[in-house]
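Secondary and tertiary structure notes
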Amino acid sequence: MMVGKPVRQWRSVCKGLILGGLLTTCMILLYCLSAPEVHFGLQEVPVPFSCAHRPSPAHSSTISNSSHHASGQRACSPKMDVMFLKTHKTASSTFLNILFRFGEKHHLKFAFPNSRNDFFYPSPFHRSQVKDYRPGMCFNIICNHMRFNAAEVANVLPADASYITILRDPADLAESSFHYFGRVVPLTWKLSGEDKLGEFLTDPELYYDPEGFNSFYLKNLLFFDFGEDNNVDPHDPKVEVAIDAIAKRFQLVMLVEYFEESLILLKDALCWDMEDLVFFKLNARKGSTISRLTPELRAKALEWNAIDWKLYQYFNGTFWRKVDAYGRKRMAKDVMELHRRNAEMTSVCIEGGRAVDAGNILETSMQPWQPIGEKSIMGYNLKKNIDKVHRKLCRKMLTPELQYLTDMGVNLWITRLWGHIREIIHW
Ligand SMILES: Nc1ncnc2c1ncn2[C@@H]1O[C@H](COP(=O)(O)OS(=O)(=O)O)[C@@H](OP(=O)(O)O)[C@H]1O
């Protein structure tokens, strides 16, 4: 009996390594086949100043909010051109759902990726990665995962587009990223104990290699998403230069921990309506899969992700200065109103009023994408007999990212194929 266990463990490790190797090769092959080869020869055609459509009837609503005078007349017109840098594990799927609905409502043109849900991440963004891109084309919104590349993004959006992004406390982000992406980072396969994250954070240098496949998921992932070098020394002047550039480029940097406040600031900056902000929390994990970090491990996580910590602290400062400028009392009142509207939508749309485990989601179209080897991401069941007025909106609010992208005409064949392979081998 004592001999059986190690043998079984070895067998499963070997099986995992072989399967992992095969699948990684398969995915790299698919990736190479699908990656756009032509990154040159695209003519420099200036993008028109603004490609926002004429206001739809939805704009002329007379709901009273900050963007309206007391008479019900708008004091500003809503901004339609948006670059959202979808950073990883930062409530970005929840925000994407808001953007998708806003874009659909105003018939805006999205720059989507081709055949997958990201812009060939982790390759830096290039305009040729945009579905059906032709030189000179102008889009209103770009929002799928990408490795940011300011010059290239500027080529597909009007010059006055609003740049928005979102950050999260790097220790929590590291925990979430480790859980979600850990298995696609071969460097973590050496970790053998129960508490792999704890083991890693205790002595990261022992396991980490900047050259390792997908290693960016383990260190300064936010900085990497901004297109920067996540392995540079945190005290290198390049870090300050990069943060400065981000501050100049991005009009609003939201914070996961203050998601509602962030949305209110967004409404203010972009002159949107409160009704545009309603949301349900998407892509959330069930509590049992969250590793609670001890104060020691949290400190280690921040030390290991020192660049992201600098980034977060800097934009935490700018965030609260914006809140102060908006007015703390006014902010509290608006957040309460958003809470009220979200709660109202919950009671209208969600069966049981809460998220459920993947195994309890009845419709396949409501199943969120799961990390490899896990069924940890929760989802929702749509209520039956929703009144006609809310039926469509409820479904959209609850639809996971990949299904929503498909509904919007993106053919995710690579992602689907990957999903089928995983189903077959129960991974
Ligand atoms: N509204 C709101 N407020 C606070 N936190 C939220 C919200 N919406 C999503 N989340 C949490 O964000 C994590 C998922 O992030 P993403 O959707 O960006 O992930 S992904 O990179 O697209 O896979 C995921 O975090 P973890 O559960 O810690 O993994 C979600 O729980």
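Definitions and limits used
Residues numbered from 1 in each chain as written. Predicted model: local features only at pLDDT ≥ 70, side-chain atom pairs only at ≥ 80, totals over all residues. Heavy atoms only, no water. UniProt positions renumbered as here; feature names shortened; annotations may be inferred. Helix = DSSP H or I, 4+ residues; strand = E, 2+ residues; numbered from the N terminus. Buried < 20%, exposed > 50% of the residue type's maximum accessible area, 1.4 Å probe, protein only. Areas by Shrake-Rupley, 256 points an atom, 1.4 Å probe, with all protein chains shown as cover. Contact = heavy atoms within 4.5 Å. Polar contact = N/O pair within 3.5 Å; in protein donor to acceptor, adjacent residues only side chain to side chain. Expected span 1.5 Å × (residues − 1). Arc of directions from axis to C-beta. Near = heavy atom within 4 Å. Salt bridge = Lys/Arg side-chain N within 4 Å of Asp/Glu carboxyl O. Disulfide = S-S within 2.5 Å. Pairing = 2+ DSSP bridges. Phe/Tyr/Trp six-rings, centres within 6.5 Å; stacked < 30°, edge-to-face > 60°. Lys NZ or Arg CZ within 6 Å of the ring centre and 35° of its normal.

The protein chain is annotated in an unreviewed UniProt entry as Galactosylceramide sulfotransferase from Triplophysa rosa. Recorded in UniProt for the protein chain, the comment headed Subcellular location (unreviewed entry) runs: "Golgi apparatus membrane".

1. Some points on the overall build of the protein chain
Each helix and strand counted, the protein chain has 15 helices and five strands in total. Looking at the protein chain as a whole, 51% of its 427 residues are labelled buried. Looking at the protein chain as shown, the accessible area adds up to about 21000 Å², and 57% of this sits on carbon and sulfur atoms.

2. A short note on the environment of His88
Take His88: it is sitting in the loop between β1 (82-85) and α2 (92-105). Measuring from C-alpha to C-alpha, the distance between His88 and Tyr380 comes to 22 Å, with 292 residues separating the pair along the chain. Setting aside residues up to four positions removed in sequence, His88 forms contacts with Tyr121, His145, Leu173, Phe181, Tyr217, Leu221 and Asp225. Within the structure, the side chain of His88 is placed 3.0 Å from the side chain of Asp225, a separation counted as a polar contact.

3. Observations concerning helix α12 (residues 328-349)
Counted at 1.5 Å a residue, the expected span for α12 with its 22 residues is 32 Å, and the 31 Å between its end C-alpha atoms agrees. Listed as buried for α12 are Met331, Asp334, Val335, Leu338, Arg341, Asn342, Met345, Thr346 and Cys349. Taken down its axis, α12 places every buried residue within 145° of arc, on the same side. Pointing more than 90 degrees away from the buried face of α12 are the exposed residues Lys329, Lys333 and Met336. If you follow the buried residues of α12, they end up packed against α9 (259-270), α11 (306-326) and α13 (388-398).

4. Thoughts on the side chain of Thr318
Relative to the elements of secondary structure, Thr318 occurs in helix α11. Here Phe315 takes part through its backbone oxygen, which lies 3.0 Å from a polar atom of the side chain of Thr318.

5. Overview of the site of the ligand
The immediate surroundings of the ligand are formed by 20 residues, with Lys86, Ser92, Ser93, Thr94 and Ser176 found nearest. Here Lys89 contributes a backbone N or O atom positioned 2.9 Å from an oxygen atom of the ligand. Here Ala91 contributes a backbone N or O atom positioned 3.1 Å from an oxygen atom of the ligand. When isolated, the ligand has an accessible area of 650 Å², and the protein chains bury 91% of it.

6. Quick notes on the pattern of salt bridges
Evaluated as defined, the whole model comprises 18 salt bridges. Its salt-bridge partner being Lys396, residue Glu104 comes within 2.8 Å of it at the nearest N-O pair. Highlighted residues: Glu104 in helix α2 and Lys396 in helix α13, separated in sequence by 292 residues. Overall, Glu104 belongs to the partly exposed group, its relative accessible area being 29%. Asp244 is the partner of Lys248 in a salt bridge, and the nearest nitrogen-oxygen pair spans 2.9 Å. With Lys248 and Asp244 both in helix α8 (residues 237-249) and four residues apart, the pair spans about one turn of that helix. Taking relative accessible area as the criterion, Lys248 reaches 69% and is therefore assigned exposed. The class for Asp244 is partly exposed, based on a relative accessible area of 40%.

7. Details of the state of the cysteines
If you walk through the whole model with that rule in mind, you get two disulfides. The partner cysteine of Cys76 in its disulfide is Cys271, sulfur to sulfur 2.1 Å. A torsion of 90° about the S-S bond marks the disulfide between Cys76 and Cys271 as right-handed. Here the residue Cys76 occupies a position in the loop between α1 (4-34) and β1, and Cys271 occupies one in the loop between α9 and α10 (295-304), the gap between them amounting to 195 residues. For Cys271, a relative accessible area of 4% translates into the label buried.

8. Things to note about the pairing of strand β5 (residues 252-255)
Going residue by residue along β5, you find Leu252 and Met254 tucked away on one face and Val253 and Leu255 tucked away on the opposite face as well. The pairing of strand β4 (residues 162-167) with β5 spans four bridges and is parallel. Within β5, the residue paired with Thr165 across the bridge is Val253.

9. Remarks on the pairing of β4
Counting buried residues in β4 gives six out of six residues, a clear majority hidden from the surface. Here four bridges tie β1 to β4, and the two strands are oriented parallel to one another. Bridge pairing in β4 places Phe84 opposite Ile164.

10. Concerning the packing of aromatic side chains
A full pass over the atoms with the stated rule returns 29 aromatic pairs. When the centroid spacing of 4.7 Å and the interplanar angle of 85° are considered together, the rings of Tyr258 and Trp320 count as edge-to-face. With Tyr258 in the loop between β5 and α9 and Trp320 in helix α11, this pair connects stretches of sequence that are 62 residues apart. Among the aromatic residues, ring-to-ring pairing joins Tyr121, Tyr180, Phe181, Phe216, Tyr217 and Phe224 into one connected group. We note Lys89 situated over the ring of Tyr180; from NZ or CZ to the ring centre the distance is 3.4 Å. Positioned above the aromatic ring of Phe224, the side-chain terminus of Arg147 is 3.6 Å from the ring centre.

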